[in-house]
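These are the residues of each chain, in order.
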Amino acid sequence: MILAIETATPVCSVAIWREGMEKPDERRAMGRGVHSEHLFLSVEELFRTYEMGTDDLTELLFSAGPGSYTGLRIGAAAIKGMLFGTTVPLYAAGSLEMMAAGVFTNNGLQTGGDVHTVINARREHLYHQCFHSSGTCEASTKAAVRSLGEISRELKPGDLVIGTGAERLENYGEEAIRWLGPDSVTAISMIRAWRDPRFRDWFRAENPQDLVPEYLSSGRPGAAGAG
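Residues numbered from 1 in each chain as written. Predicted model: local features only at pLDDT ≥ 70, side-chain atom pairs only at ≥ 80, totals over all residues. Heavy atoms only, no water.

### Quick notes on the packing of helix H1 (residues 35-49) against helix H2 (residues 69-83)
- One can describe the packing of H1 onto H2 by two numbers: an axis separation of 10 Å at closest approach and a directional angle of 40°. Relative to H2, the element H1 is oriented oblique. By crossing handedness, the relation of H1 to H2 is classed as right-handed. Here His35, Ser36, Leu39, Phe40, Val43 and Phe47 of H1 lie close against H2, whose contacting residues are Gly71, Ile74, Gly75, Ala78 and Met82. (Axes fitted to C-alpha atoms, helices over the stretch in contact; angles between N-to-C directions. Helix = DSSP H or I, 4+ residues; strand = E, 2+ residues; numbered from the N terminus. Parallel < 35°, antiparallel > 145°, perpendicular 65-115°, else oblique. Left-handed = near helix turned anticlockwise from the far one by under 90°. Contact = heavy atoms within 4.5 Å.)

Now the structure itself:
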């Protein structure tokens, strides 16, 4: 029984999967400030639907950033409360990596270009990471705060851009580049990645009480992530 929590963007997504389910079951909401209300309601609804509680979980997965400071803080606080006094294992993974894993595990690599994952970082910047599309599912860059212009200049025909804030890139709308927006941000990606041996080492074991998200500030005012 796996529970996954995604709060690094304006999307609040909670998904659950257990042996025998054809696909994970998700509850999601999107909008500024939705995390504080919808995260707890979503978890409660899924627990009620499957007649279970926290102690029934075999793993809890968390998309630990970079991204929205507010969303990540709420997600981390909720997990600390849920797992306090339990022995449920917690595993965290990079939010940009999990968006890429969602593409690799769901759609496959149907393009000769690279996969760029982005999260809005306010002002003229995005959180960004690039992944090769050679079938190795490896990151070619580390997660970083980068300018819109810098990312735009790296996009080439056949590339795929996925995440939030992509519409701010200069090359947005070019037919030769594929785009997937906020609908591609989902906790289901974490469950798929966890169950795929290729991505298991993208997760790291965490002590719930020591959990600190990766806020990845650029040092620029307002660049800590749009909530």
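Let's pick the thread back up.
### Observations regarding the sheet that holds strand E1 (residues 2-6)
- Taken in spatial order, the six strands of this open sheet run E3-E2-E1-E4-E5-E11, and their pairing is mixed. A single partner strand is all that each edge strand has here, and the edge strands are strand E3 (25-30) and strand E11 (203-206). Neighbour to neighbour, the strand axes of the sheet diverge by 20° on average, direction disregarded.
- By the bridge criterion, five bridges tie E1 to strand E2 (residues 11-17) in an arrangement that is antiparallel. (Pairing = 2+ DSSP bridges.)

### Looking at the packing of aromatic side chains
- Applying the stated criterion across every chain, the model contains seven aromatic pairs.
- Pairing tyrosine 69 with tyrosine 215 gives two aromatic rings, centres 4.7 Å apart and planes at 40°, and the pair type is tilted. With a gap of 146 residues between them, tyrosine 69 in helix H2 and tyrosine 215 in the segment after E11 connect regions that are remote in the sequence.
- Among the residues examined, tyrosine 69 registers a relative accessible area of 39% and is labelled partly exposed.
- Each ring, one from phenylalanine 104 and one from phenylalanine 199, has its centre 6.2 Å from the other, and the planes form 5°; the classification is stacked. Taken together, the residues span a long stretch of sequence, with phenylalanine 104 in helix H3 (residues 95-106) and phenylalanine 199 in the loop between helix H5 (188-195) and E11 at a distance of 95 residues. There is no split in this pair, since phenylalanine 104 and phenylalanine 199 are both buried.
- Within the aromatic cluster, the residues linked to one another by ring pairs are Phe104, Phe131, Phe199 and Trp202.
- Its guanidinium or amino end placed over the ring of tryptophan 194, arginine 200 lies 3.8 Å from that ring's centre, counting from NZ or CZ. (Phe/Tyr/Trp six-rings, centres within 6.5 Å; stacked < 30°, edge-to-face > 60°. Buried < 20%, exposed > 50% of the residue type's maximum accessible area, 1.4 Å probe, protein only. Lys NZ or Arg CZ within 6 Å of the ring centre and 35° of its normal.)

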